[in-house]
Amino acid sequence: MLVLALALAAPSAAVTARWSFVEAYDNGGDWYIGYDNSSATLAWGESYVMMGLAAMFRVTGDPSWLDELARHADSAVAMMDRERGVVDYRGVSEACWQDTHYQPAGEAYCYVVHSGMIGQPIAEFARLVAEAGLEAEVAYDGETFGDKADRYVAAMEDVVAAHADQWTGEGYAFRADATFLGYPGVDLPINQSAAMGRLLLTLADVDGSAEHLAKAEAICRHFRDQLAADGDGWVWNYWGGAYSAPGEDVSHGAIEVDLARMCAERGLVFDDDDMRGFAATFMDRVYVDDRTFSDHVGGGSTNTESYRPQVARWLGLTPWRTGLYTAVRDLYDLDYPPSSVGSGSILYGWGLLAEHEPVHCEPFFYYVDWDDPDPDAEGDWREATAYGANILTTPPDLDAPCMIPLEVDAPRQVEVQQWDGAAYHRVAEWEATGGETRRFVPYEPAWPTVYWSDGVLFQFADAFVEGDGIRVRESTGLAPPTITSTPPESGEDGVLDYAAEGEGDAPFWWSLAAFPTGARIDPETGELRFEAPGPGAYAFTVVLENDAGSDSQSFTWVVPPSGGDTGGGETGAADTGAPDTGWDDSLDTCGIPDESEDTAAEVGATPGACGCGGGAAGVLLLPLALARRRREA
């Protein structure tokens with residue numbers, strides 16, 4: 001039995017970025033399936049595609065995203081040196097992915113960092129399958145998720161073993177006999193050991209390896225020792241050692257910060273204060289404004305093309321700083337729309353935006369600061385009448401993040417600040433918008449001060465010009481979703497086809513929070529389909545989400561034995577008020593005898609003989625464009 005340390009994260013309430021990922025993923029076709037790693041395409045391209053697919057599963061619980069991840073993982077595993085029958089500079093063929101383009105004469109060398117980057121999302125597939133109890137789900141090629149997971153874990157264990165001779169006690173080193181590298185035997189830069197550390201942690205979650213956990217902890221501790229405090233944040237170098245400005249770049253730094261996050265979530269080395277320090281590094285040094293980001297953790301140069309979009313890979317810090325999410329979201333909405341995505345790392349950015357999107361919360365005005373030309377009109381524009389004009393919002397939960405979608409017209413650079421009861425804190429900064437546009441204002445739960453009318457207070461600080469103040473459109477309200485349809489109670493033919501319906505603000509996202517194995521619901525249309533493996537009572541929970549909240553509907557759908565009566569009649573069910581299902585009442589909701597070792601709850605956690613499954617995770621249909629491409633292939 002697999003013992004896992006983490007539970008699936010609760011789904012975020014907002015859904016817009018999920019649809020952006022769907023569009024971006026579909027743009028890329030099969031992405032890098034069929035590529036080898038000779039030019040590091042798998043390490044710095046395909047790895048991010050797989051990470052994005054894993055992020056989409058974590059937020060939606062949709063096995064279809066794991067199915068897509070399996071297609072990519074199968075291709076990546078097939079491209080390992082030992083599977084291709086190719087050898088490295090030593091004449092050795094191992095479980096790793098050789099590169100030939102970084103070396104001066106094209107020598108074949110397997111980098112630790114490449115193994116970590118490619119291997120971690122493959123191991124994550126196994127972790128997620130076990131955690132969600134989806135072993136019985138069937139993948140695109142007929143193999144079960146459970147069998148794939150077992151195969152992937154064995155392969156990734158071999159990947160770790162292939163680099164065992166490079167372990168130093170606190171990280172990894174380049175092989176001493178690889179003299180063509182120019183730094184044989186030297187300890188790896190921090191990010192390269194960190195990439196392998198992420199794989200080690202994920203494998204330890206799956207197989208409980210004390211050795212993997214100890215090595216990952218040692219890598220985290222070595223990284224922690226390289227950090228220097230600077231104000232509220234951390235700064236460090238690419239190679240470690242005494243800090244020298246501007247320090248590590250934001251792209252390699254994202255790998256290191258993500259390892260620290262993973263360690264913190266497991267109670268290793270790093271804690272919440274450390275995570276808040278990394279978030280402060282981002283907000284105070286990397287984030288300049290909605291169009292400007294520094295290239296390094298210590299500031300310095302800005303907006304280098306290869307670094308700028310990589311800031312999205314810091315989004316794992318969103319639980320510690322909401323403003324980090326809105327900063328990246330504004331940037332991606334402006335300059336990396338899903339219709340233009342052709343990079344694996346930018347696709348992954350949209351996956352992280354989908355995974356961490358906070359619920360949206362509605363703004364209202366501190367009326368004395370604003371000119372309202374038509375008080376009776378709804379949804380018109382108000383203009384600030386003084387410096388520091390205020391808006392407010394009532395978060396659904398003061399202890400949880402939310403973000404305010406604003407239609408704004410900022411004629412000058414503006415800093416958005418949140419009031420904590422004693423002082424204002426910078427939470428966002430925007431260049432002049434050049435007209436009406438959308439921006440997001442983050443609510444930071446670290447400063448949960450209710451100022452007026454149940455609202456948390458924000459102000460706009462700019463070089464105010466009378467008669468030309470910032471303009472903000474009035475909100476017309478946010479309508480959370482409500483499921484309005486009635487599910488069927490039974491189906492004699494064993495086929496469930498339920499078109500769930502709801503109302504509220506679009507876009508919607510339909511999912512299932514409890515389900516039997518094989519059930520699917522279309523996230524766009526709400527069409528639920530399931531073919532029962534036999535008679536029984538099957539439990540479902542349908543969930544409808546939008547950017548403002550969620551609603552759920554639980555029901556039990558009965559399949560009677562062939563020729564059975566689903567209620568009333570001569571069986572006497574009408575007298576008891578309970579339907580006569582036609583089978584023994586000692587059977588549980590999956591049709592398994594109560595005295596069986598596999599109780600209904602156990603089967604719900606680990607899909608088994610009767611086809612029940614699910615638990616906390618949901619399932620969805622593959623988005624239509626992806627399903628169409630699958631059929632055409």
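Before reading on, note that the structure itself is shown above.
I will try to describe carefully the structure that is included in this document.

Brief notes about the pattern of salt bridges
All told, the structure shown has 42 salt bridges when counted by the stated rule. Residues Arg90 and Asp88 are paired through a salt bridge, measuring 2.8 Å at the closest nitrogen-oxygen approach. Across the pair Arg412 and Asp468 runs a salt bridge whose closest N-O atoms are separated by 3.1 Å. Linking Arg412 in the loop between strand 11 (402-409) and strand 12 (414-419) with Asp468 in the loop between strand 16 (455-462) and strand 17 (471-473), this pair joins segments that are 56 residues apart in sequence. A residue is classified by how much of its surface remains accessible, and Arg412, at 17% relative accessible area, is buried. On the basis of relative accessible area, Asp468 is assigned to the partly exposed category, the value being 36%. Shared partners join several salt bridges into a network, and the residues in it are Arg58, Glu124, Arg127, Glu131 and Glu355.

Describing the packing of helix 10 (residues 272-286) against helix 11 (residues 322-335)
Put simply, helix 10 and helix 11 touch, their axes get as near as 9 Å, and they point 40° apart. When the axis of helix 10 is compared with that of helix 11, the two are oblique. With respect to the hand of their crossing, helix 10 and helix 11 are arranged in left-handed fashion. Packed against helix 10, whose contacting residues are Ala279, Phe282 and Met283, the element helix 11 presents Gly323, Leu324, Ala327 and Val328 at the interface. Taken together, the residues of the contact of helix 10 with helix 11 sort by class into six nonpolar, one polar and no charged.

So, empty space enclosed by the protein
With the rule as written, the count across this model stands at two cavities of 30 Å³ or more. Taken as a whole, the largest cavity holds about 80 Å³ of empty space. Listed by contribution, the elements that provide at least two residues to the lining of the largest cavity are helix 2 (41-60) and helix 9 (250-265). In terms of residue count, helix 9 provides more of the lining of the largest cavity than any other element does, three residues in total. Here the residues of the lining of the largest cavity sort into six nonpolar, no polar and three charged. Estimated volume of the second largest cavity: approximately 30 Å³. Around the second largest cavity, the lining residues are Ala254, Val257, Asp258, Arg261, Arg313, Trp314, Gly316 and Leu317.

Focus on the state of the cysteines
For the structure on display, the rule yields three disulfides. Between the sulfur of Cys96 and that of Cys110 lies a disulfide, 2.2 Å long from S to S. A torsion of 70° about the S-S bond marks the disulfide between Cys96 and Cys110 as right-handed. Of this pair, Cys96 sits in the loop between helix 4 (81-84) and helix 5 (112-132) while Cys110 sits in the loop between helix 4 and helix 5, and the two are 14 residues apart along the sequence. On the accessibility criterion, Cys110 (2% relative accessible area) is buried. Disulfide pairing places Cys361 opposite Cys402 at an S-S distance of 2.2 Å. Every disulfide takes its handedness from the sign of the S-S torsion; for Cys361 and Cys402 that torsion is 80°, giving right-handed. Separated by 41 residues along the polypeptide, Cys361 in the loop between strand 6 (359-360) and strand 7 (363-365) and Cys402 in strand 11 bring together distant segments of the chain. You can call Cys402 buried: its relative accessible area is 0%.

What about the packing of helix 2 against helix 12 (residues 344-356)?
Between helix 2 and helix 12, the shortest axis-to-axis distance is 8 Å and the interhelical angle comes to 15°. What the angle tells us is that helix 2 and helix 12 run roughly parallel. Considering how the two elements wind past one another, helix 2 and helix 12 form a crossing that is left-handed. Residues Gly45, Tyr48, Val49, Met51, Gly52, Ala55, Met56, Arg58 and Val59 of helix 2 form the contact with helix 12, whose participating residues are Gly344, Ser345, Leu347, Tyr348, Gly351, Leu352, Ala354 and Glu355. Residues belonging to the contact of helix 2 with helix 12 are distributed by class as follows: 10 nonpolar, five polar and two charged.

The rules we used
- Sequence order sets the numbering: in each chain, residues are counted from 1 along the sequence as written.
- pLDDT decides what is reported in this predicted model: residues at 70 or higher carry local features, side-chain atom pairs at 80 or more are listed and counted, and totals for whole chains, interfaces and linings draw on all residues regardless.
- Here the side-chain values reflect all heavy atoms present in the structure, with hydrogen atoms and water set aside.
- One side-chain nitrogen of Lys or Arg within 4 Å of one carboxyl oxygen of Asp or Glu is enough to make a salt bridge.
- Helix and strand definitions follow DSSP, with helices as H or I runs of at least four residues and strands as E runs of at least two, each counted in order from the N terminus.
- Relative accessibility thresholds used throughout: buried, under 20% of the residue-type maximum; exposed, over 50%; partly exposed, between the two (1.4 Å probe, protein chains only).
- With axes taken as lines fitted to C-alpha atoms, and helix axes fitted only over the stretch in contact, angles between N-to-C directions fall between 0 and 180 degrees.
- Under this scheme an angle from 65 to 115 degrees is roughly perpendicular, one under 35 degrees roughly parallel, and one over 145 degrees roughly antiparallel; angles in between are oblique.
- Two helices that cross are described as forming a left-handed crossing if the nearer one is turned anticlockwise from the farther one by less than a right angle, and a right-handed crossing if clockwise.
- In what follows, a contact means two residues having at least one pair of non-hydrogen atoms within 4.5 Å.
- Residue type decides the class: Asp, Glu, Lys and Arg count as charged, Ala, Val, Leu, Ile, Met, Phe, Trp, Tyr, Cys and Pro as nonpolar, and the leftover types, Gly among them, as polar.
- Using only the protein atoms, space was sampled on a 1 Å grid; points where a 1.4 Å probe fits but cannot get out form cavities, open sets with protein on both sides within 12 Å along at least five of seven lines form pockets, and lining residues are those with an atom within 4 Å of a point.
- Grid points are joined across faces, edges and corners, and a volume is the space filled by probe spheres set on the points.
- Put simply, a disulfide is two cysteine sulfurs that come within 2.5 Å.

Worth remembering: the numbers are spatial, not functional.
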